[in-house]
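Here is what each chain is made of, one letter per residue.
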Amino acid sequence: MAEVLIIEDDDRIRPLLVKALRELGHTVTSAPSGMAGLQLAVDSSPDLVVLDLGLPDVDGTQVLSMLRAVSQVPVIIASARDDDPSLVGALDAGADDYVVKPFTSAQLDARVRAVLRRVASGRERPATLTVGGLTIDLAGRRVHLDGREVELTPREFDLLAHLAERPGEVVTKRDLLVEVWRQPWGGSDKTVDVHLSWLRRKLGETAAAPRYLTTVRGVGVRLAPPDDQPDEGD
Ligand code: CA
């Protein structure tokens, strides 16, 4: 069980979330604004943060960016906003998962357990993966390409690490939504595409001129060293 911090301004929803998470056995603290939440996150080092986007003082995405500057604590966004830009924006700002309001406590519980499980399994594999000139330090969550460090968001890192654990294998977008986004019942291929294109840009390549990441049309994507790529392209 975990220490969970809830950052939520709605006076009806906040106590319900606190109660639901306590009943699931977690220790829960809460804050009604972005700045109060950030302060608590720094002071109490929770295991997990549940963050609303529509906050009265600072937008949740900004809260997340500020939090990411000082902490890698897992963050689940809980928001009524279900449009693609909000979702992608939050994930790119470093959110680990996203639940759309209204959600049931069972849904929230499933997300919380999935995120905590992912963090725990991350701790159990202090390995480094190497694919050609790419070095992926799973424990330190750092990536080097030809000796230079590549700055990735947490989601981009997870995506790259997942592919690097299966070098040369075509991984489907559905697989990625399940394994990287933890969305077995939904999610959009577009989300994967957007993150893949960011990842490509950071690795200095494009879909049209792939080096490490090759899209196999209608199937998925494969990570392999540039000289191991069959030349079927995008
Ligand atoms: Ca709100």
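No experiment lies behind these values; they were computed from the predicted model shown. (Residues numbered from 1 in each chain as written. Predicted model: local features only at pLDDT ≥ 70, side-chain atom pairs only at ≥ 80, totals over all residues. Heavy atoms only, no water.)

**What about the pattern of salt bridges?**
Scanning the model with the defined rule gives 15 salt bridges in all. For Arg68, the salt bridge identified is with Asp96, shortest N-O distance 3.1 Å. With Arg68 in helix H3 (residues 60-70) and Asp96 in the loop between helix H4 (84-92) and strand E5 (97-100), the pair connects residues that are 28 residues apart, well separated along the chain. By relative accessible area, Arg68 is classed as buried at 12%. Classification of Asp96 by relative accessible area gives buried; the value is 14%. Linked by salt bridges that have partners in common, Glu8, Asp52 and Lys101 make up one network. (Salt bridge = Lys/Arg side-chain N within 4 Å of Asp/Glu carboxyl O. Helix = DSSP H or I, 4+ residues; strand = E, 2+ residues; numbered from the N terminus. Buried < 20%, exposed > 50% of the residue type's maximum accessible area, 1.4 Å probe, protein only.)

**Focus: the environment of Val194**
Note on placement: Val194 falls in helix H8 (residues 189-202). Considering only alpha carbons, one finds Val194 and Ser65, 129 residues apart in sequence, at a separation of 19 Å.

**Description of H4**
Listing the buried residues of H4 in full gives Ser86, Leu87, Val88, Ala90 and Leu91. Two residues or fewer after H4 comes Gly94, characterised by a positive phi angle close to 115°.

**Some details on the packing of helix H6 (residues 154-164) against H8**
Two elements in contact, H6 and H8, have axes separated by 10 Å at closest approach and are oriented at 85°. With respect to their mutual orientation, H6 and H8 come out roughly perpendicular. Every residue of H8 that contacts H6 at Arg155, Glu156, Leu159, Leu160 and Leu163 is listed here: His195, Leu196, Trp198, Leu199 and Lys202. Class assignment of the residues belonging to the contact of H6 with H8 gives a composition of six nonpolar, one polar and three charged. (Axes fitted to C-alpha atoms, helices over the stretch in contact; angles between N-to-C directions. Parallel < 35°, antiparallel > 145°, perpendicular 65-115°, else oblique. Contact = heavy atoms within 4.5 Å. Nonpolar A, V, L, I, M, F, W, Y, C, P; charged D, E, K, R; others polar.)

**Topic: the packing of H4 against H8**
Here H4 crosses H8 at 45°, and the two axes come no closer than 11 Å. Of the possible angle classes, the one that applies to H4 and H8 is oblique. As H4 packs across H8, the resulting crossing turns out to be right-handed. Each of Asp84, Val88, Leu91 and Asp92 in H4 lies in contact with H8, whose residues at this interface are Lys190, Thr191, Val194, His195 and Trp198. Considering only residue class, the contact of H4 with H8 consists of four nonpolar, two polar and three charged. (Left-handed = near helix turned anticlockwise from the far one by under 90°.)

**Describing the side chain of Ser79**
Relative to the assigned elements, Ser79 resides in strand E4 (residues 75-79). Of note is the side chain of Ser79, whose polar atom sits 2.9 Å from the backbone nitrogen of Arg81. Residues within four places of Ser79 in sequence aside, it is in contact with Asp52, Leu53, Tyr98, Val99, Val100 and Lys101. (Polar contact = N/O pair within 3.5 Å; in protein donor to acceptor, adjacent residues only side chain to side chain.)

That is the geometry; function is a separate question.
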